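A closer look at the structure
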Amino acid sequence: MKVILLMALTVDGMIARDSDHFPDWTGREDKRMFKDMTIKAGVLIMGSKTYDTIGRPLPGRKNVVMSRNKRRISQQKDLVFTDKPPRELLADLRQEGFEVAILAGGSQINTIFAREDLIDEIYLTYVPQIFGTGLTLFSDSIAMQLELMDFKHLGTGQIFARYRVIREAMA
Ligand SMILES: NC(=O)c1ccc[n+]([C@@H]2O[C@H](COP(=O)([O-])OP(=O)(O)OC[C@H]3O[C@@H](n4cnc5c(N)ncnc54)[C@H](OP(=O)(O)O)[C@@H]3O)[C@@H](O)[C@H]2O)c1
């Protein structure tokens, strides 16, 4: 199945000031796009810290939250906590009929998927802000070659760019 990493970045490449930073700075257009894309895919995968900044499952789509904390158990239909290895998790989602999964951060979870070469496309909204310090897309050393597929101005000073991961170059 296709995995799309969907993230908003400041111009200096930050996804948050810290792990607890509520993502209220990305703008209305970005939020609308995030909602449309995740609902269309039907499933989003995120780390427990990202989930905690949102504080609730996003409605109308399956929320897969990665956590190693066995005490985190969901009673809700569209919310699951899992510590399955990413490849196994994606195989399960494929079995359930999903064809695209949106990988929605944060840095730690992005990194474990990147390490296993499971990210097919990366969609970024560049927000005209600077944080100076903070979390970046990945929390560790990663090497990826990307091809820009397209980009557009969102009309609010933000640029949305879509990249494809080039696997051949990594072989
Ligand atoms: N700008 C954006 O588009 C965007 C998007 C998403 C998130 N963010 C921001 O990113 C920040 C959070 O990022 P983060 O890197 O600190 O945390 P994160 O990646 O969201 O979550 C990290 C947590 O995932 C769990 N985890 C890590 N490795 C795991 C594994 N192998 N298997 C299962 N669970 C695993 C652990 O939770 P347990 O302790 O529960 O085991 C760990 O504490 C927040 O501020 C959020 O707002 C920004």
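Throughout what follows, the structure given in this document is the object of discussion. Counting starts from 1 at the beginning of each chain's written sequence and moves along it residue by residue. Totals for whole chains, interfaces and linings use every residue, but because this is a predicted model, local features are given only for residues with pLDDT of at least 70 and side-chain atom pairs only at 80 or more, for both listing and counting. The side-chain figures draw on all heavy atoms in the structure; neither hydrogens nor water molecules are used.

Grouping buried Ala, Val, Leu, Ile, Met, Phe, Trp, Tyr and Cys residues that are joined through side-chain atoms within 4.5 Å yields what is termed a nonpolar core. Buried means the residue's accessible area, taken with a 1.4 Å probe over protein chains only, is under 20% of the maximum for its type, while exposed means over 50%, and partly exposed covers the values in between. Counting 28 residues, the largest nonpolar core has Ile45, Leu90, Leu93, Leu103, Phe113 and Ile119 as the members making the most contacts within it. Contributing elements (two or more residues each) for this core: β1 (2–10), β2 (43–47), β3 (62–66), α3 (86–95), β5 (100–103), α4 (107–115), β6 (121–127) and β8 (159–165). Under the DSSP-based scheme used, a helix requires at least four consecutive residues in state H or I and a strand at least two consecutive residues in state E, with every element numbered from the N terminus. Broken down by element, this core gets its largest block of residues, four residues, from β1. Core analysis: the second largest hydrophobic core is formed by 16 residues, Ala41, Met46, Ile102 and Phe160 among them.

Moving on, we come to the site of the ligand. Only a single heavy atom is needed: when it lies within 4 Å of a molecule or strand, its residue is near that molecule or strand. Around the ligand sit 29 residues in total, of which Ser19, His21, Thr50, Ser67 and Arg68 are the nearest. Here an oxygen atom of the ligand and a backbone polar atom of Gln108 are 2.9 Å apart. Contact distances for the ligand include 3.1 Å between an oxygen atom and a backbone N or O atom of Ile109. Each accessible area is a Shrake-Rupley result for a 1.4 Å probe, and residues are judged covered by the shown protein chains and nothing else. If the ligand stood free it would expose 950 Å²; the protein chains cover 88% of that surface. Of all the secondary structure elements, the ones that give two or more residues to the shell around the ligand are β1, α2 (48–54) and α4. A per-class count over the shell around the ligand returns 11 nonpolar, 13 polar and five charged. We call two N or O atoms a polar contact when they sit within 3.5 Å, provided that within protein one can donate a hydrogen and the other can accept it, with sequence-adjacent residues counted only if both atoms are side-chain atoms. Each residue receives one of three labels: charged for Asp, Glu, Lys and Arg, nonpolar for Ala, Val, Leu, Ile, Met, Phe, Trp, Tyr, Cys and Pro, and polar for the others, Gly being one of them.

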